[in-house]
Amino acid sequence: MKLKPLAALALASSLFASAPAASAAKAGYVASETHRVVTQPSAAARDAEGRDQLRVTVWYPARVGSAAREVALGPPDAPLFRVATLADDAPLADDAPGRKRPVVLLSHGFGGSARMMGWFAAPLAQAGYVVIGVDHPGNNGVDRMTAPGAILWWERAEDLKRALAAVAADPQFGPHIDPTRVAASGFSAGGFTALALAGARFDRQRLLDFCHAHPDDGVCRPQIEFAITEDDMRKALQRPDVAALEATAGADHSLPALKAVFAMAPALVQAFTPDSLRGIGVPVRIVSGEADTVAALASNARAAADAIPGARLTALPKVGHYAFLSTCTDAGREKLQICANTGPQELAHRTAIAQALKLFERTLGRPAQ
């Protein structure tokens, strides 16, 4: 499970733009990011090219004085999203002898990418956490989307477990992280992923029954990132490799070391069995928008909060589903439908970061300083 550097992110270069070098962040650590590739056998069934590879992004606190730059997504001359101020592959911040840093696993939304969630990861890294994200195979905005990638949702949890194990074995990060102090977070389908890591179990028929009864619910309609019908799903499930993964759908995909969940606008909650939601035993905090028409508050975030013991929900007025993407630029709002329907992104970001930091400090302990 050895990680290999992802050379220059060449396959995604058209999506990423960066401003000239900027000074390091004024408060806390400098957030840095680095990229790796790890083998993930189930990726072959989901990836459009049949590759058994999982791209991993690690955000971490860098040594004081590390130079940082503004990272954006989109054409270099007209980026669509502003991500964060980040250093590239900077030296890890010096730790006190014997102290190890807690970890946050981070899952992007349907058709998104790890780097799209850099707005959330960077402040955690500045606070001292190591954050691990992935580009979920067959269900990310860098590669071609696939039907298996769009329907094998529980494999997202396995992706993050694989990434955690690989980073823990990595010579750069392994000696400095504590794999027994882990939290999970995610947006939309990434929120589903975080809940699966906490023990929520998938039941496809339950979701199909819900959608037959509520065809206009946002999660039941074709998604703008990649439209797939029920017939497309059934055809994909006829493939032997996909059927083999489908057989594991209702299994336990939890991570025993998990200490907390922070979910942003979680989707697909109706796919979870009620008993498994009631059985979640770690603190869960959820933030979602009242104007969300993709993962409607009532059938997703509120349904999860009502079922999970002790879960807390913050519903933000006028906030839409895509508020939890990186900040849309003026060009993004002009060109992209998702950017036209975010609502107040600054409110969504500020609330999510503040609540996540509070939850993680309480459940994982204060990161090494």
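Since the structure is predicted, the reported quantities are computational estimates derived from the model, not experimental observations.

Student: Go over the overall build of the protein with me, naming the residues and quoting the values.
Tutor: Looking only at helices and strands, the protein has 12 helices and 13 strands in total. Whereas a compact globule of 369 residues would reach a radius of gyration of roughly 21 Å, the protein reaches 19 Å, a difference of no more than 12%. Oriented by its inertia axes, the alpha-carbon framework of the protein measures out at about 55 × 45 × 40 Å. Of all 369 residues assigned to the protein, the portion counted as buried reaches 58%. Partitioning the contacts of the protein with sequence separation of at least 6, the portion at a separation of at least 24 is 80%. Within the structure as shown, the protein displays about 14400 Å² of accessible surface, and the carbon and sulfur contribution to it stands at 54%.

Student: Describe the side chain of Arg285, naming the residues involved and giving the relevant values.
Tutor: Of note, Arg285 is situated in strand β11 (residues 284-289). Aside from chain neighbours lying at most four places away, what touches Arg285 is Val261, Phe262, Ala263, Gly310, Ala311, Arg312, Leu359 and Arg362.

Student: Pulling in residues and values, what's your account of helix α12 (residues 345-364)?
Tutor: Side chains of residues three or four places apart in an α-helix project in the same direction, reflecting 3.6 residues per turn. With 20 residues, α12 extends 27 Å from end C-alpha to end C-alpha; this agrees with the ideal 28 Å at 1.5 Å per step. For α12, the set of buried residues is Gln345, Ala348, His349, Thr351, Ala352, Ile353, Ala356, Leu359, Phe360, Thr363 and Leu364. Of the residues flanking the end of α12, it is Gly365, one or two places downstream, whose phi is positive at about 90°.

Student: Please give an account of the state of the cysteines that cites residues and values.
Tutor: All told, the structure shown has two disulfides when counted by the stated rule. The partner cysteine of Cys211 in its disulfide is Cys220, sulfur to sulfur 2.1 Å. Classification of the bridge connecting Cys211 and Cys220 rests on its S-S torsion, roughly -80°, and on that basis the disulfide is left-handed. Relative accessible area serves as the criterion here: at 16%, Cys211 is assigned to the buried category.

Student: Please provide a residue-by-residue account of the side chain of Ser107, values included.
Tutor: Along the polypeptide, Ser107 turns up in strand β7 (residues 101-107). Side chain to side chain, Ser107 and His136 meet in a polar contact 2.8 Å long. Polar contacts involving the side chain of Ser107 include one to the side chain of Arg156, which spans 2.9 Å.

About the criteria used
- Residues numbered from 1 in each chain as written.
- Predicted model: local features only at pLDDT ≥ 70, side-chain atom pairs only at ≥ 80, totals over all residues.
- Heavy atoms only, no water.
- Helix = DSSP H or I, 4+ residues; strand = E, 2+ residues; numbered from the N terminus.
- Rg over C-alpha atoms; globule rule 2.2 N^0.38 Å.
- Buried < 20%, exposed > 50% of the residue type's maximum accessible area, 1.4 Å probe, protein only.
- Contact = heavy atoms within 4.5 Å.
- Areas by Shrake-Rupley, 256 points an atom, 1.4 Å probe, with all protein chains shown as cover.
- Expected span 1.5 Å × (residues − 1).
- Disulfide = S-S within 2.5 Å.
- Polar contact = N/O pair within 3.5 Å; in protein donor to acceptor, adjacent residues only side chain to side chain.

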